[in-house]
Amino acid sequence: MKSITSAGVVIGLLFVTIAGLKVRERQEISNGGYGSLRDLFASRDTQVDIAEGDYYEGISDLLKTKYVDPIKDDQKLLTGAIRGMVTGLNDADSQFYNPNEFKAYKDARAGEYTGVGVWLDYKMVKNQIKVAGVDDDLELPRLMVVSVAPGSSADKAGVKVGDLVSEVDDHWVVNSEDILKYRKAQSDYLNKKIDFKTINDMRKQIKMKLDKSMSAVHAKEHLITGTTGSIKVTFERGDKTIDTTLEKGTYDIPSLKEENGSFVLLFTSGAPEALKSYISGKSNVTIDLRHNVLGDFETMRKCLSVIAPAGAYGYFENHNSSTPIILKTDTGNAKPPKIKLLVDPSTRDAAEVFALALSAKGYASLSGTEMGNSRKHHEICQLADGSGYTLATGLFKTGTPKPSDDKLAANDGAKSPLNDNIAAKAGAAQ
């Protein structure tokens, strides 16, 4: 009887903690929302007809009149509402950034990394196991390196694209794999495959980790922000663990120049003009698209018109697949050079779309390894307090969509909403 009671204590002790981690991670993986708040609140009650905008206004008025302390900052309420809507999507491709993070995000888009010299993204990992005959699953994000600035502290330490962050300053970055290992051990104990000492030792180990842990979202903030000081980081690369101490700073990604026989292209300000100058008079060109994340999609489209003939190069599809957005250039290069594109897993976002668009039409060959498999277009919005969010609005596909002609025509051409909209919309949203 004592062993059965002990087993119950062991199995139940971490239930609330693990459940809380699920909720916390889902709340912190930032996701997107856009447009007027009135467009984003709607009643689902069939008995009461409530105007869409009244939800936000009603809750805001309630807080201002009934909350125990005075509400002095309307912007804070608005930002909190948008953060909640973004979070509610539970989509790792759409994220909310606090002011420091959003500044780092914009700097990275311009080719300047702060923090330890990496850009990070979330790799969603779903694990499932049966405990006492009941399916139990847990999906938490792993923090993965998707780009390393050449010459940065991380680069000098040997950090590679694909490395997973497991600890930051001796804090365990919570992940589902370790938690599910414990849950599997619980199942094994109930099935008498392991003894009580083994399961109890595992409980102590994971409790120690949980007592000094941080979420993937907070770990990312520590690693991409700040320009001074050092930070201890542990990375996982397959079965290998890499312990490092990295110095923070500001690290530039070389771009818009010829280097080692190829033209390093980032989709930043001045890229179309620099690309045009590079290809002038050449019959063969090599373009380096590595270390290329978060690029501006409208700049990418302009670069397409510089290096390839006018035409359609694919489309962005979302849930409203009857109205895809066509990636098209109205002007182009009638006599393009032969193009080789250097790619690897750090070729993502606008750069990956650029590579796919050109290679699918036969205008370019790809050299290197597989790309990052990040092909979504994002709308970008900055709020008045300096925070901001990204919203994934379409997945790029090559070929030709098959919606009705009238709907397709309405979304065709260079005037499609491909430009990133970085603007303070908070006032308009109210």
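Before any of the text, the structure's been laid out above.
This structure is a prediction, so every number in the text was calculated from the model and none was measured.

Caption draft 1: Structural view of the environment of Tyr278. When you line up the elements, Tyr278 lands in helix 11 (residues 271-279). Given a relative accessible area of 6%, Tyr278 falls into the buried group. A sequence separation of 22 residues divides Tyr278 from Leu256, and the C-alpha atoms of the two residues are 8.9 Å apart. With sequence-adjacent residues up to four places away left out, Tyr278 is seen in contact with Glu258, Gly261, Ser262, Phe263, Val285 and Thr286. Of the polar contacts made by the side chain of Tyr278, one reaches the backbone oxygen of Thr286; its length is 3.3 Å.

Caption draft 2: Region of the structure containing the packing of aromatic side chains. Scanning the model with the defined rule gives 10 aromatic pairs in all. Ring pairing ties together the aromatic residues Tyr97, Phe102, Tyr105 and Trp119, which thus form one cluster. A cation over an aromatic ring shows up here: Lys361 above the ring of Tyr313, its NZ or CZ 5.7 Å from the ring centre.

Caption draft 3: Examining the nonpolar core more closely. Counting residues in hydrophobic clusters, the biggest one holds 41 residues, and the most contacted among them are Trp119, Val165 and Leu223. When residues of this core are traced back to their parent elements, those giving at least two are helix 6 (99-109), strand 3 (118-131), strand 4 (134-148), strand 5 (164-168), helix 10 (216-224), strand 8 (230-237) and strand 9 (240-247). In this structure, Val165 is in contact with Leu120, Arg142, Leu143, Val173, Leu223, Val233, Thr234 and Phe235, ignoring residues within four places of it in sequence. One finds Ala271, Cys303, Ile325 and Ala351 within the second-largest nonpolar core, a separate group that totals 36 residues.

Caption draft 4: Molecular detail of the packing of helix 8 (residues 176-190) against helix 9 (residues 196-211). Between helix 8 and helix 9, the shortest axis-to-axis distance is 10 Å and the interhelical angle comes to 160 degrees. Relative to helix 9, the element helix 8 lies roughly antiparallel. Judged by the sense of rotation from one axis to the other, the crossing of helix 8 with helix 9 is left-handed. Judged by residue contacts, Asp178, Ile179, Lys181, Tyr182, Ala185, Gln186 and Tyr189 of helix 8 engage Phe196, Ile199, Met202, Arg203, Ile206 and Lys209 from helix 9. Considered class by class, the residues forming the contact of helix 8 with helix 9 number 8 nonpolar, 1 polar and 4 charged.

Caption draft 5: Structural detail: the pairing of strand 17 (residues 364-368). Sheet topology note: the strand 16 (residues 338-343)/strand 17 ladder contains 5 bridges and is parallel. Directly across from Val343, in strand 17, lies its bridge partner Gly368. The handedness of the strand 16 to strand 17 crossover, carried by helix 13 (residues 350-360), is right-handed.

Caption draft 6: Region of the structure containing the sheet that holds strand 17. Within the open sheet, the 5 strands sit side by side as 11-12-13-16-17. Their pairing is mixed. Strands at the two margins of the open sheet, each flanked by one partner only, are strand 11 (257-259) and strand 17. Adjacent strand axes in the sheet meet at a mean angle of 35 degrees when their direction is disregarded. When strand 11 meets strand 12 (residues 262-264), the two strands line up antiparallel, connected through 3 bridges. Paired with Lys257 across the two strands is Val264, which belongs to strand 12.

Caption draft 7: Spotlight on the pairing of strand 18 (residues 376-382). Most of strand 18 sits out of view: 5 of its 7 residues are buried. Of the pairings in the sheet, the one linking strand 18 to strand 19 (residues 388-397) comprises 7 bridges and is antiparallel in character. When the sheet's bridge partners are listed, His378 is paired in strand 19 with Ala392. Taking the residues that link successive antiparallel strands as the turn, the strand 18-strand 19 hairpin has 5 residues, and the phi of Gly386 there is positive, at about 95 degrees.

Caption draft 8: How the structure looks around helix 12 (residues 297-307). Most of helix 12 sits inside the fold, with 10 of its 11 residues counted as buried. Inspection of helix 12 places Phe297, Glu298, Thr299, Met300, Arg301, Cys303, Leu304, Ser305, Val306 and Ile307 among the buried residues, and these make up the whole buried set.

Caption draft 9: Region of the structure containing unusual backbone geometry. The backbone phi angle of Asp170 is positive, close to 65 degrees, even though this residue is not glycine. Tracing the sequence through the fold places Asp170 in the loop between strand 5 and strand 6 (171-173). A relative accessible area of 39% places Asp170 in the partly exposed class. A positive phi angle, close to 65 degrees, is found at Leu294, a residue other than glycine. In this structure, Leu294 sits in the loop between strand 13 (284-288) and helix 12. Overall, Leu294 belongs to the buried group, its relative accessible area being 12%.

Caption draft 10: Quick peek at the packing of helix 11 against helix 12. Helix 12 packs onto helix 11 with a crossing angle of 20 degrees between their chain directions and a minimal axis gap of 9 Å. Judged by the inter-axis angle, helix 11 sits roughly parallel to helix 12. Judged by the sense of rotation from one axis to the other, the crossing of helix 11 with helix 12 is right-handed. Residues Ala271, Pro272, Leu275, Lys276 and Ile279 of helix 11 lie in contact with helix 12, whose contacting residues are Thr299, Lys302, Cys303, Val306 and Ile307. Tallied by class, residues from the contact of helix 11 with helix 12 come to 7 nonpolar, 1 polar and 2 charged.

The rules we used
- Residues numbered from 1 in each chain as written.
- Predicted model: local features only at pLDDT ≥ 70, side-chain atom pairs only at ≥ 80, totals over all residues.
- Heavy atoms only, no water.
- Helix = DSSP H or I, 4+ residues; strand = E, 2+ residues; numbered from the N terminus.
- Buried < 20%, exposed > 50% of the residue type's maximum accessible area, 1.4 Å probe, protein only.
- Contact = heavy atoms within 4.5 Å.
- Polar contact = N/O pair within 3.5 Å; in protein donor to acceptor, adjacent residues only side chain to side chain.
- Phe/Tyr/Trp six-rings, centres within 6.5 Å; stacked < 30°, edge-to-face > 60°.
- Lys NZ or Arg CZ within 6 Å of the ring centre and 35° of its normal.
- Core = buried A, V, L, I, M, F, W, Y, C linked by side-chain atoms within 4.5 Å.
- Axes fitted to C-alpha atoms, helices over the stretch in contact; angles between N-to-C directions.
- Parallel < 35°, antiparallel > 145°, perpendicular 65-115°, else oblique.
- Left-handed = near helix turned anticlockwise from the far one by under 90°.
- Nonpolar A, V, L, I, M, F, W, Y, C, P; charged D, E, K, R; others polar.
- Pairing = 2+ DSSP bridges.
- Right-handed = clockwise from strand over helix to strand, strands pointing away.

On their own, these measurements won't tell you what the molecule is for.
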